[in-house]
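Residues per chain, in single letters:
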Amino acid sequence: MAADLTVDDIRPCLEGAIPAMMATCDLAGVPNVAYLSQVEYVDSRHVALSFQFFNTTRKNVLQNPQAEILPVHPHTGGLYRLQARYLRTETPGRSSSA
């Protein structure tokens, strides 16, 4: 993504209308590409992905946290390249009863 763009600028791409692509590599440099049904907006510098991809992609990001995410703008067809870095995995915790 161009240095002057933020995730805010491409928010329409993150509404799930068109699947995004995600490219990863293992430690030996062997590439893998998977389609993501949704890339979730977190803030102007972060996105979140659900565990919706194949085991190879997950294994790759755990070994090599660099990834490229290619979301598509649903109105223009414009393709953006997000250079991403895996930060962490979150799992649902216990919900509290009210």
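Within every chain, residues take consecutive numbers counted from 1 along the sequence as written. Local features are withheld for residues below a pLDDT of 70 in this predicted model, meaning they are given only at 70 or higher, and side-chain atom pairs are given and counted only at 80 or more; totals for whole chains, interfaces and linings count all residues. Hydrogens and water molecules were not included; the side-chain quantities draw on all heavy atoms of the structure.

A. Fine view of the overall build of the protein. Note on conventions: DSSP H or I runs of at least 4 residues are helices, E runs of at least 2 residues are strands, and numbering of each starts at the N terminus. The helix and strand tally for the protein stands at one helix and six strands. Walking the protein from its N terminus toward its C terminus, one meets helices and strands in the order β-β-β-β-α-β-β. Burial here depends on accessible area, computed with a 1.4 Å probe over protein chains only, as a share of the maximum for the residue type. Under 20% is buried, over 50% is exposed, and the range in between is partly exposed. Relative to its full complement of 98 residues, the protein shows a buried share of 26%. Between two residues, a contact is recorded if the distance between any of their heavy atoms is within 4.5 Å. Summarising the internal contacts of the protein: among those between residues at least 6 apart in sequence, 51% fall at separations of at least 24. Of the accessible surface of the protein, which amounts to about 6900 Å², a share of 51% is contributed by carbon and sulfur atoms. All accessible areas in this document rest on Shrake-Rupley with a 1.4 Å probe, and a residue is counted as covered only by the protein chains that are shown.

B. Broad picture of the nonpolar core. Membership of the largest hydrophobic core comes to 13 residues, with the highest contact counts inside it found for Leu14, Met22, Leu36, Val39 and Ile69. Within the residue set of this core, elements represented by two or more residues are strand E1 (20-25), strand E5 (66-70) and strand E6 (82-85). Setting aside chain neighbours within four positions, we find Ile69 in contact with Ala20, Met21, Met22, Leu36, Val39, Val47, Leu49, Tyr80, Arg81, Leu82 and Ala84. Put simply, a nonpolar core is a bunch of buried Ala, Val, Leu, Ile, Met, Phe, Trp, Tyr and Cys residues held in one set by side-chain atoms that sit within 4.5 Å of each other.

C. Spatial organisation of the sheet that holds E5. Pairing in this open sheet of four strands is antiparallel, and the strands run E2-E1-E5-E6 from one edge to the other. The strands lining the two open edges of the sheet, one partner per strand, are strand E2 (31-36) and E6. Shown here is a sheet whose adjacent strand axes are inclined to one another by a mean of 25 degrees, direction ignored. Lines fitted to the C-alpha atoms define the axes, with helices restricted to the stretch that makes contact. Angles between their N-to-C directions range from 0 to 180 degrees. The strands that helix H1 (residues 55-63) touches are E1 and E2; relative to E1, the one it contacts most, it runs at about 55 degrees. For two strands to be treated as a pair, DSSP must find at least two bridges joining them.

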